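Inside the fold
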Amino acid sequence: MVPLSHVLALSLILFVLGAAGFIFRRNIITIFMCIELMLNAVNLAFVAFARQHGQLDGQLYAFFVIVVAAAEAAVGLAIIIALYRNKESLSADDLNSMKM
Amino acid sequence: MPTLFYIFAGLTIIAALGVVLQRTPVYSALMLIVVLCSLAVEYLLLGAEFIAVIQVIVYAGAIMVLFVLVIMLLNAGHEIPSSRSHVAKWLGFPLLAAFLVEMFIVLSRYVPEESGAWFAPKPAGPVPIGHLLFQNYVLPFEVTSVLVLVAVLGAVVLAKKEL
């Protein structure tokens, strides 16, 4: 028997790893993949709580998160392509045209 | 079954470390595919067959193909380490460590240990999920369809020649 707290601990570790990548990496594609990692961590928590309570609502929320992540990936990657076309760079440090 | 869970939990964490630590985006993407597939196995063990299948088809199948395609299209090579973001370096570690410790304390204190039966055979296939989706969650479903439509239009507009 695996207790709920172990699944939640796995989810927490995945979320913190994604957040660490989001903060410390400089390549915008890697940053984007770290966002996907955080979304997956939240999904795991949703499914674990759905199992804990014996209801399917949590699984539906995970389903909606996956759909939103798909839409986000399509738009985000299009934005990355447009940025690369204008700046010729994928480093987050070069995308500072809104900075003073 | 618990052994399987812990094996795939370890695999997930190792591959997630690979995603964060790899310097080349293509290796990060491949590691992310490993993370997604082992999470699908975790969903199977948690009794969420539908979510596991959706995870493999949509995430590992569609989204990651898009990622790898864009990485190859933009010819993303090694990441150049920069020294411009001092704030992230100095604030990131303490904040993340504080968050991790705090959440572990919350987990160990407030989550009841012995509640609910785990990994008992409880088939909940796509049929009850479909009923729930088209009865209780019809409005979010329709709003999601509008969102996907807007995303497709946005991707087409953004990827045009001149912006």
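Anyway, here's the lowdown on the structure attached to this text. Quick caveat, the model's predicted, so the values are computed rather than measured. (Residues numbered from 1 in each chain as written. Chains lettered and ligands numbered in written order. Predicted model: local features only at pLDDT ≥ 70, side-chain atom pairs only at ≥ 80, totals over all residues.)

Across its full length, chain A holds three helices and zero strands. Counting helices and strands in the order they occur from the N terminus, chain A gives α-α-α. By the compact-globule yardstick of 13 Å for 100 residues, chain A is too spread out, its C-alpha radius of gyration being 17 Å. Counting only C-alpha atoms and orienting by the principal axes, one finds that chain A spans roughly 50 × 25 × 20 Å. Sorting the 100 residues of chain A into buried and exposed places 49% on the buried side. Put simply, of all contacts in chain A between residues at least 6 apart along the chain, 46% involve residues at least 24 apart. (Helix = DSSP H or I, 4+ residues; strand = E, 2+ residues; numbered from the N terminus. Rg over C-alpha atoms; globule rule 2.2 N^0.38 Å. Buried ≥ 20, exposed ≤ 12 C-beta atoms within 10 Å, placed from the backbone. Contact = placed C-beta atoms within 7 Å.)

This part is about the overall build of chain B. When helices and strands are tallied, chain B shows six helices and zero strands. Along the chain direction, N to C, the helices and strands of chain B fall in the order α-α-α-α-α-α. Buried positions account for 25% of the 163 residues belonging to chain B. Taking as baseline every contact in chain B between residues at least 6 positions apart, the subset at least 24 positions apart corresponds to 57%.

What follows concerns helix α2 (residues 28-53) of chain A. Residue and element names in this part refer to chain A. The end-to-end C-alpha distance of α2, which contains 26 residues, comes to 38 Å, matching closely the 38 Å that a straight helix rising 1.5 Å per residue would cover. In terms of burial, α2 is largely enclosed, as 20 of its 26 residues are buried. One or two residues past the end of α2 sits G54, with phi positive at roughly 70°. (Expected span 1.5 Å × (residues − 1).)

As a further point, take the environment of Q59(A). With respect to the helices and strands, Q59(A) occurs in helix α3 (residues 57-87). By C-beta crowding, Q59(A) is classed as buried, having 27 other C-beta atoms within 10 Å. Taking the C-alpha atoms as reference, Q59(A) lies 13 Å from N40(A); in sequence the two are 19 residues apart. The residues contacting Q59(A), other than those within four sequence positions of it, are V47(A), A50(A), A48(B), F50(B), I51(B) and I129(B).

Take the nonpolar core next. Core analysis: the biggest nonpolar cluster contains 65 residues, and L37(A), V47(A) and V19(B) have the highest contact counts within it. Looking at this core, the elements with two or more residues in it are α1 (4-24), α2 and α3 of chain A together with α1 (2-21), α2 (25-45) and α3 (49-74) of chain B. Counting residues per element, this core draws most heavily on α2(A), which supplies 13 residues. If sequence neighbours within four positions are ignored, V19(B) has contacts with G21(A), M33(A), C34(A), L37(A), S28(B), M31(B), L32(B) and V35(B). (Core = buried A, V, L, I, M, F, W, Y, C linked by C-beta atoms within 7 Å.)

Spanning 26 residues, α3(B) covers 36 Å between terminal C-alpha atoms, matching the ideal 38 Å at 1.5 Å per step. Approximately 30° is the largest bend angle found in α3(B), and it occurs at M64(B). When α3(B) is considered as a whole, its buried residues turn out to be F50(B), I51(B), A52(B), I54(B), Q55(B), Y59(B), I63(B), M64(B), F67(B), V70(B), I71(B) and L74(B). Close packing links the buried residues of α3(B) with α2 and α3 of chain A together with α2 and α5 (126-135) of chain B. (Bend = angle between axes of the 7 residues up to and from the residue.)

Let's shift gears to the interface of chain A and chain B. Residue-level contacts link 58 residues of chain A with 71 residues of chain B. Top contributing element to the side of chain A that touches chain B by residue count: α3(A), with 21 residues. Along the lines of polarity and charge, the residues of the side of chain A that touches chain B split into 46 nonpolar, eight polar and four charged. (Nonpolar A, V, L, I, M, F, W, Y, C, P; charged D, E, K, R; others polar.)

Our next topic: unusual backbone geometry. Despite not being glycine, E88(A) has its phi angle at roughly 60°, a positive value. Structurally, the position occupied by E88(A) is in the segment after α3.

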